[in-house]
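Each chain, letter by letter, is given below.
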Amino acid sequence: MTDALSRRRPARLPDPRGPLSAAVGDALRGPERCLPPPATDAYGDDLQLTLYVLYELHYQGFAGVPDDREWDPELLSLRAALEDRFLGALRADVPIDASDTAERALDELQLEPVGDDGSSVSHFLRNHGTLDHFREYAALRSLYHLKEADPHAWVIPRLRGRAKAAMVAVEFDEFGAGRADAIHAELFADLMTDLDLDPSYGHYVDAAPAEALATVNMMSLFGLHRALRGALVGHFAAVEVTSSPASRRLAEALRRMDAGPAAVRFYTEHVEADAVHEQVVRHEVVAGLLASEPRLDADVLFGIRATGHLEGRLATRLLAAWREGETALRTGRITTAHPGARGS
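Note that this is a predicted model, so its numbers are computed, not measured.

**Q** What should I look at first to understand the overall build of the protein in this one?
**A** Along its length, the protein carries 14 helices and 0 strands. For the protein, the α and β elements follow one another from N to C terminus as α-α-α-α-α-α-α-α-α-α-α-α-α-α. A compact globule built from 344 residues would reach a C-alpha radius of gyration of about 20 Å, and the protein, at 19 Å, matches this within 12%. Counting over 344 residues, the protein shows a buried share of 55%. Of all intrachain contacts in the protein linking residues separated by at least 6 positions in sequence, the fraction that spans at least 24 positions is 80%. Total accessible area on the protein stands at roughly 14600 Å², and carbon and sulfur atoms take up 53% of it. With 37 positive and 53 negative side-chain charges, the protein shows a separation of 1 Å between the mean positions of the two kinds.

Following this line, the structure appears as structure tokens:
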């Protein structure tokens, strides 16, 4: 499939999904500056793809797009309008009760449901999923996992003391603890290769429904704004608290499907690592932040609840398609690169 060099080539601009994403794509390809007003649906394909493209200018960029477009004032102005719409929808859908706290929300996340309640992707994949289901899941999650730790790193200069030290310690593990081949994003690329998927950065953007794009966009939204540092810490805590048990189920699913060792390794690594990270994030990052800035408790809580909200929307999309025998991908089922490959 792809070699290590091709994994790092800039992605092409994705296909547009409406007038807004089409106009932004045209603007990035040339001198065009006529940008329409934001689309109305905060969770819709056109707005979410446009946000994804604009955020990606701060990550790896796109082939043929000059690096200095990252700070184009008109694009930044449009991005701010889209962010207002997205963040407004999240705040409307995730109201924060004045009596609720971040600590209580984290307590709730640690309570695993007894059995499968029908809303969990990891339970479905472990108990009922096929390798084709898992390949779809990995393709969509690649938009998240191939940049997993990057948006969280933006919060580091916005923290102090205990919270900063603990955040750096967890991020050090995420970035491979000094070993390039152990960076978690690289481990996920190895998983994709094992499942005969293309591990190139951003390869499956066109296949991703708006629900998948929104989970990635939220990380960038929180990470790029100092005012939302508490929300990013809440998001990070929610991910780490829920990762270990979900990773155990996903590793069990891959073993049942007789997937390769690199695929299994990604999740078995997270079972142990994230069990440790969970404690560090909760008792040092979150507690350290709130000890120095107690007024951010509601923001941390919002980050936790918003993460659950968007993950729930994505799970609903995936499970509804799979239970009907359909693909969850916009572009149809994935074809393997090699005849006779697993899942083909």
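Having seen the model, we can carry on.
**Q** For this particular structure, what's the right way to read helix α2 (residues 19–29)?
**A** For the α-helix, the turn length of 3.6 residues means that residues three or four positions removed from each other point alike. For α2, the set of buried residues is L20, S21, A23, V24, G25, A27 and L28. Buried residues belonging to α2 abut α3 (45–56) and α4 (73–93).

**Q** When you look at the packing of helix α11 (residues 210–223) against helix α12 (residues 229–256) in this model, what are you seeing that I'm missing?
**A** Each packed pair of helices is defined by two parameters, the angle between the axes and the distance between the axes. Axis separation between α11 and α12 bottoms out at 8 Å; the angle between their running directions is 140 degrees. Relative to α12, the element α11 lies oblique. For the pair formed by α11 and α12, the contact residues are M218, M219, F222 and G223 on the first element and A231, L232 and H235 on the second. Looking at the contact of α11 with α12 residue by residue, the class counts come to 5 nonpolar, 2 polar and no charged.

**Q** Even after reading the chapter, I still don't get the confidence of the model for the protein, so can you show me in this structure?
**A** The predicted coordinates ought not to be read in detail in places where the model reports low pLDDT. Model confidence for the protein is summarised by a mean pLDDT of 91, while 92% of its residues fall at 70 or above. When pLDDT is averaged over each element of the protein, α11 comes out on top at 98 and helix α1 (residues 4–7) at the bottom at 56. Here residues 338–344 scores under 50 on pLDDT; set against residues more than four positions off or in separate chains, the count is 15 contacts.

**Q** What should I look at first to understand the packing of aromatic side chains in this one?
**A** Here the distance between the centres and the angle between the planes together describe a pair of aromatic rings. Scanning all chains against the criterion turns up 8 aromatic pairs. Here Y59 and W154 contribute two aromatic rings whose centre-to-centre distance is 5.1 Å and whose plane-to-plane angle is 50 degrees, an arrangement assigned as tilted. Residue Y59 is located in the loop between α3 and α4, and its partner W154 is located in the loop between α8 (150–153) and α9 (161–174); the two are separated by 95 residues in the primary sequence. By relative accessible area, Y59 is classed as buried at 15%.

**Q** Sorry, what's going on with the packing of helix α7 (residues 131–145) against helix α10 (residues 184–194) here?
**A** At their nearest, the axes of α7 and α10 sit 10 Å apart, and the two run at 165 degrees to each other. As judged from the angle between their axes, α7 and α10 are roughly antiparallel. The way α7 lies across α10 gives a crossing that is left-handed. Together, A138, R141, S142 and H145 of α7 and A185, F188, L191 and M192 of α10 make up the contact between the two elements.

**Q** Explain α10 to me, please; I cannot follow it from the model alone.
**A** Among the 11 residues in α10, 8 count as buried, and that is most of the element. Where α10 is concerned, the buried positions are H184, A185, L187, F188, A189, L191, M192 and D194.

**Q** Please clarify how the side chain of K147 should be interpreted in this entry.
**A** Residue placement: K147 occurs in the loop between α7 and α8. When sequence neighbours within four positions are dropped, the list of residues in contact with K147 reads Y52, E56, Y59, Y201, V216 and M219.

**Q** Explanation requested: the layout of surface pockets in the structure shown.
**A** Think of a ball as big as a water molecule: rolled over the atoms, this probe shows where empty space is left. Considering only enclosed or pocket space, the largest pocket measures out at about 1100 Å³ in volume. In terms of lining, the largest pocket is formed by 41 residues, of which the most central are S122, R141, T242, A246 and E311. Those elements that provide at least two residues to the lining of the largest pocket are α5 (102–109), α6 (121–127), α7, α12, α13 (261–292) and α14 (297–323). Sorting elements by how many residues they give to the lining of the largest pocket places α12 first, with 11 residues. Here the residues of the lining of the largest pocket sort into 19 nonpolar, 12 polar and 10 charged.

**Q** What exactly am I supposed to notice about the nonpolar core here?
**A** Generally speaking, a soluble globular protein has its nonpolar side chains buried in company with each other. In terms of nonpolar packing, the biggest core is built from 110 residues, with F134, L191, L195, F222 and Y267 touching the most fellow members. Excluding residues within four positions of it along the chain, Y267 makes contact with F134, Y137, F188, L191, S247, L250, A251 and L254.

Definitions and cut-offs
Residues numbered from 1 in each chain as written. Predicted model: local features only at pLDDT ≥ 70, side-chain atom pairs only at ≥ 80, totals over all residues. Heavy atoms only, no water. Helix = DSSP H or I, 4+ residues; strand = E, 2+ residues; numbered from the N terminus. Rg over C-alpha atoms; globule rule 2.2 N^0.38 Å. Buried < 20%, exposed > 50% of the residue type's maximum accessible area, 1.4 Å probe, protein only. Contact = heavy atoms within 4.5 Å. Areas by Shrake-Rupley, 256 points an atom, 1.4 Å probe, with all protein chains shown as cover. Lys, Arg positive; Asp, Glu negative; His and termini not counted. Charge placed at Lys NZ, Arg CZ, Asp CG, Glu CD. Axes fitted to C-alpha atoms, helices over the stretch in contact; angles between N-to-C directions. Parallel < 35°, antiparallel > 145°, perpendicular 65-115°, else oblique. Nonpolar A, V, L, I, M, F, W, Y, C, P; charged D, E, K, R; others polar. pLDDT = per-residue confidence, 0-100. Phe/Tyr/Trp six-rings, centres within 6.5 Å; stacked < 30°, edge-to-face > 60°. Left-handed = near helix turned anticlockwise from the far one by under 90°. 1 Å grid on protein atoms, 1.4 Å probe; cavity = no way out; pocket = protein on both sides within 12 Å on 5 of 7 lines; lining within 4 Å. Points joined across faces, edges and corners; volume = space filled by probe spheres on them. Core = buried A, V, L, I, M, F, W, Y, C linked by side-chain atoms within 4.5 Å.

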